Amino acid sequence: MAERVGVYVCHCGSNIAGMVDVEEVARWAGANLKDVVVARDYKFMCSSLGQAMIEEDIKKEKLTRVVVGACSPHLHEKTFRRACQNAGMNPYLCQMTNLREHVSWVSVDRKLATEKAKALVSASVERVKRQAPLEPMYVKVNPATLVIGGGIAGLQATLELADAGYHVYLVEREPSIGGHMAQFDKTFPTLDCSACILTPKMSEVGQHENVTLLTYAEVEEVSGSVGNFKVKIRKKARSVIYQKCTGCGICSEKCPRKVVDDVFEAGMGTRKAIYTPFPQAVPRVPVIDRASCIWFERQKCGACKKLCPTDAIDFDQQDEVIEVEVGNIIAATGWKMFDCKRIPQYGYGRLANVYTSLEFERLCNAAGPTGGKIVLRDGKTEPKEVAIIHCVGSRDVKYNEHCSAICCMAALKFGHLVLEKTQAKVYSFYIDMRTNQKGYEEFYQRLLEEGMVFVRGKVAEVTDAARKPSEQGKLIVQFEDTLLGKQQRIPVDMVILMGALEPQADAKEFGLKLGISCSMAGWYTERHPKLDPVATMTDGVFVAGACQGAKDIPASVAQGAAAAARVQGMITKGKVMIEPIVASIDEESCSGCRICNTMCPYNAIEFDPEKEVSRVITALCKGCGTCVASCPAGVITGAHFNNDQIFAEIEGILWDAAASPHGNGSAAAKPQPTAASL
Amino acid sequence: MSKPKGKLALYWAASCGGCEIAVLQLDAKILDVAEAFDIVFWPVAVDAKVRDVERMADGEIDVCLFNGAIRTSEQEYMAQLLRRKSKVLVAFGSCSHEGGIPAIANLNNKNEIFQTSYRDTPSTENPNGVYPQPETQVPEGTLHLPVFYDTVRTLDQTVPVDYYLPGCPPEADRIWDAITAILENKLPAAGTVLGDDTTVCDTCPRKRSEKKIKEFKRTWQVIPDAETCLLEQGLLCCGIATRAGCGALCPQVNSPCIGCYGPNNGVQDYGARLMAALASVIDANSPDEIQRIIEQGIPDPIGSFYRFSLAHSLLRRKKLAKAGE
Amino acid sequence: MSEPFEPKIVGFLCNWCSYRAADLAGSARIKHAPNVRIIRVMCSGRVDPTFVLKALALGADGVMVAGCHPGECHYLEQNYKAMRRFHMLKHALQAMGVDDQRVRLVWASAAEGQQLADAIDQLVEDVRRLGPLNWPANWQEDAQRLKALEKIAHEHAEAMEVLS
């Protein structure tokens, strides 16, 4: 039976009608396109009256298909699908075509715009006739959640969910949770002590009945999809039996091997071969760094094992891979510091008293290597002049285009700490001061009053090559003061580089495991930059904190909470709809050539070695259609985007081209003489 | 047999003659054919003339097995004639099904072909530049030669076709299956390709695993091992995209499938299937690397992807310098 | 020709980046040539070389395939597959005498309305310069053929009339 198609062309006020002859398009569609039984134009199709018109026609005219020529389907596809559904039509039998964003708004010639509109309507009519009714699928949501990353964003998300009564697996790759925030002394702009506000949260997480804390562990593999993820987690061998350890710390105290701590102390201090990164670490169970441990080097020492009161040391412990099942995942994998050595003219790594901001955090931290005393690398000399250089690796097309968001405020904080703790004069070399959150500008004013010197201009070089006696033995900062328009040099004792916040080195690779993508810079891409900032394009995977873009503590906490709220929404609802736009393989015709097997990044295609056929795991399929296009036998079908539908769309869109089966092209119409016709 | 004998016609157009031999591959079963049918027209074996066919009533022939592509006016006329006189017209073999090897000539036009054949080949001696002409005046009158077309066509681009029997040539078993189906009146819906609805890999005994290709190799570059999928060894094996029915004869003797059985059901363009599948498993992400792998490994894309199916492909032929003349 | 040549170009745009870029070009009122008619697919990885061949065979003068930037694919890495297929297809199209300029792969993120509009304008301009492709005319054979057929039919007409 022939389909009965209704075509509706929207004026969108004058948005479409101003450039496209909508009446003509509707009239033409009604008169020329096969199987079109109703064709109307209307002022606002998306209005309730417009929708009612469609619903009425479906019932009265017994329409089996609907085409709406209006705005982008990204705006109103749901609206019109719902209208069709209200009238008893399967929503997937409604097709929208974009006459506004793709035609009227971008055209300047009414005749050509109208022609283009006709082609798009024709394409949709041909396509819609071949569309099939589809039913959305629902899957149950496992109420457990995986949070990846134990920094402040991950901790916040974990606590929100755990306090709400849901189970959370928190995975952290370092031996302790806490993240970067644990390294800081004070937090801007209130100057409250970082540890004082962080450690209660850490211990809460550590003791929470709803939290399974997996530190010194990494997510290896994620399979499944929203509602039902299966996650393989590698618990790295701690060499300490978790259940036996009381965290007394005797092992670390007695361990004879001291090494430089590049991670927590940012290279400013040391730790033992068996260690917890810091005294308030959660959990307090230490790990043995096997690369440094004497036992693992030459099977000698074993002091920790001998002295451990609970016999918790286990040199033979192996990595353990566990599998957990969760309904949702929150990635809060954080950031890493820009390698300041990449800007050699700033001298980091070459000139001793050039510090990175993280190093300085440790330097002024009361629990840090100098007990919070701000001194030069010699460990005793207090600096007399300190220069803080902003935007090191940020806002620079050579390194990172983005603004790292926190450095201006962190620099102000450093300025305050130096002024408070020393007699030094502090210079800030900035491009622009960015202090645009609550209380931030006030903090800037405070530092102006405290006497921090602000110099607008990018530093060209930090050098120890003195030109005059006053520069002898100093670090000379060479810069252009762009307010004065002058090249200048200032000799200082200490330089702090406000290094950029960068995506983790393995962000892209790890994103692939989760099925989420990165921006060019490497930050995880949110579903919508304004309206959906913590969801990702992969359902059930959310992002929070600096892994999505450089941000400060309050913003990270807000995102952690937001992601948790989104997850709670999913858990409360209990089930989740999955678009029926998925691929399927005709097993009868599949020859098992296995071309498609490597096509799916979600591992939704499995090979059955018994039957020698490939099969799509519907729940994992995201509907991209790449396998459909790859199948050499043409036996994979992509629902709602199958070959017949797209071929028909191509034919329809070229209705006025030379060889179109619908067309008026002269060549195709030419009769051929045949033996029979003569 | 009490049933009256049916009438069978066989014809060849632009083809090599292999399909005629393939009929004889039926071996003793040819006697069953002869018992069931009067062979009313078969230029290669039976003394019947075109005039005899012309004098038949429309639809008088029960089955016509037509092999060969259409490249001259005479072949086109014969296709139309046999269509008119036959109840069931079968495109027999790759050439009538898809154009076959003769259709690779669609990479050239008539003039280029004539110049090669009648002027440029080393063995040709043609100082006066004489080329075949449709009409030549001689004292006795006008001599006629069929008009040679620029573009080779398939049988179904010329006349409506009822069934297709693919292969270069079709396997005897499949011919017999088709004849049996005709005899028992168990033919499927008109328009069907008489073969399997899957591809050669289905019957290929080689071991297949996930595919990633870093380099396409030519057959002379490698002695393939006998167990592993040839494609996985870098050889451009068309079995993935080619309709099953031959029993994977070529891969079984260590030779990659060249695609004579044509595309699987529902496929509009055989070469596109190969292109899509092979490109998909190229193991490279940089445009330069991809380009290098393709250009080095597949120097003759049309010969590789459309060896038998150029006429049947969506584009049918290479662009003519002056199209549509 | 009385009217100027208006190329007919089919664009296959991915749902997540390039189609949205075209939407953005609209919202931002970035004017561009009306010659590219857009077909939405979920991913550039869905684009089968058959689609491109089909469009050309039906008389399109050019084809655009557009997707997310490499590394930014909504489906993680499927646009790399689109890229590989596109190179393969181009290799074959070249051998078929289709000018390189007519079929183009474009990357446009959802934020790149201007870039997409520019790419459309560029393609339209290039195709306009090349002129109509009119692929079907390649096999709509010459008058000579039709004449020859008529002639044979005529010569044989006598015999054909006997029983028909």
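Residues numbered from 1 in each chain as written. Chains lettered and ligands numbered in written order. Predicted model: local features only at pLDDT ≥ 70, side-chain atom pairs only at ≥ 80, totals over all residues.

Peer 1: Tell me about the overall build of chain B, residues and numbers included.
Peer 2: Helix and strand counts for chain B stand at eleven helices and nine strands. Taking 20 Å as the expected radius of gyration for a compact globule of 325 residues, we find that chain B reaches 22 Å, a close match to that expectation. C-alpha extents for chain B along the principal axes are approximately 65 × 60 × 35 Å. Of all 325 residues assigned to chain B, the portion counted as buried reaches 49%. Considering only residue pairs separated by 6 or more positions, chain B has 73% of its internal contacts joining residues 24 or more positions apart. (Helix = DSSP H or I, 4+ residues; strand = E, 2+ residues; numbered from the N terminus. Rg over C-alpha atoms; globule rule 2.2 N^0.38 Å. Buried ≥ 20, exposed ≤ 12 C-beta atoms within 10 Å, placed from the backbone. Contact = placed C-beta atoms within 7 Å.)

Peer 1: Can you break down the domain arrangement of chain A residue by residue, with the values?
Peer 2: Residues and elements named next belong to chain A. Domain parsing of chain A yields domain 1 (5-134 + 645-653), domain 2 (136-236 + 319-334 + 512-573), domain 3 (239-317), domain 4 (336-502) and domain 5 (583-638). Relative to domain 4, the C-alpha centre of domain 3 lies at a distance of 35 Å. Taken together, the contact between domain 3 and domain 4 spans seven residues of the former and eight residues of the latter. The residue makeup of the side of domain 3 that touches domain 4, split by class, is four nonpolar, two polar and one charged. (Domains from an automatic or database assignment. Nonpolar A, V, L, I, M, F, W, Y, C, P; charged D, E, K, R; others polar.)

Peer 1: Run through the interface of chain C and chain A, naming residues and quoting values.
Peer 2: Between chain C and chain A, the contact holds 50 residues from the first and 51 residues from the second. At the level of elements, α1 (18-27), β2 (36-41), α2 (49-57), α3 (78-95) and α5 (143-155) of chain C are the ones that each hand at least two residues to the side of chain C that touches chain A. Ranked by residues supplied to the side of chain C that touches chain A, first place goes to α1 of chain C with six residues. When the residues that make up the side of chain C that touches chain A are grouped by side-chain class, the tally is 26 nonpolar, ten polar and 14 charged.

Peer 1: Help me get a handle on the packing of α1 of chain C against helix α4 (residues 113-130) of chain C, residues and values and all.
Peer 2: What describes two packed helices is the angle between their axes and the distance between those same axes. All names here are of chain C. At a minimum axis distance of 7 Å, the contact between α1 and α4 shows a crossing angle of 95°. In terms of orientation, α1 and α4 fall into the roughly perpendicular class. Across the interface between the two elements, Ser 18, Ala 21, Ala 22, Leu 24 and Ala 25 of α1 pack against Gly 113, Leu 116 and Ala 117 of α4. The class makeup of the residues in the contact of α1 with α4 is six nonpolar, two polar and no charged. (Axes fitted to C-alpha atoms, helices over the stretch in contact; angles between N-to-C directions. Parallel < 35°, antiparallel > 145°, perpendicular 65-115°, else oblique.)

Peer 1: Any chance you could break down the domain arrangement of chain B for me, citing the residues and the numbers?
Peer 2: Much of the literature gives interface size as the accessible area that the parts lose upon coming together. All names here are of chain B. You can read the domains of chain B as domain 1 (6-101 + 150-183) and domain 2 (200-305). Each of domain 1 and domain 2 was reduced to a C-alpha centroid, and the two centroids are 31 Å apart. Opposite the eight residues of domain 1 that make contact, domain 2 presents six residues. Its residues placed into classes, the side of domain 1 that touches domain 2 shows two nonpolar, three polar and three charged.

Peer 1: Summarise the interface of chain C and chain B; cite the residues concerned and give the values.
Peer 2: Taken together, the contact pairs 41 residues of chain C with 44 residues of chain B. The set of elements that each furnish at least two residues to the side of chain C that touches chain B consists of α2, α3, α5 and α6 (157-161) of chain C. In terms of residues, the side of chain C that touches chain B owes the most to one element, α3 of chain C, which gives eleven residues. Its residues assigned to classes, the side of chain C that touches chain B shows 23 nonpolar, ten polar and eight charged.

Peer 1: Explain α4 of chain C to me, and be specific about the residues and the numbers.
Peer 2: Residue and element names in this part refer to chain C. Over its 18 residues, α4 runs 26 Å from end to end, which matches the ideal 26 Å to within 8%, given 1.5 Å per residue. Gly 113, Leu 116, Ala 117, Ala 119, Ile 120, Leu 123, Val 124 and Val 127 are the residues of α4 that are buried. Seen along its axis, α4 keeps its buried residues to an arc of 160°; they face one direction. The elements touched by buried residues of α4 are β1 (9-14), α1, β2, β3 (62-67) and β4 (103-107). Just downstream of α4, Gly 131 is the residue with a positive phi angle, here 90°. (Expected span 1.5 Å × (residues − 1). Arc of directions from axis to C-beta.)

Peer 1: Can you explain the sheet that holds strand β26 (residues 486-492) of chain A? Please cite residues and give values.
Peer 2: Residue and element names in this part refer to chain A. The three strands lie next to each other as β24-β25-β26, forming an open sheet whose pairing is antiparallel. Bordering the open sheet on either side are β24 (459-463) and β26, each of which pairs with just one other strand. If you compare each strand with its neighbour and ignore which way they point, the axes differ by 20° on average. (Pairing = 2+ DSSP bridges.)

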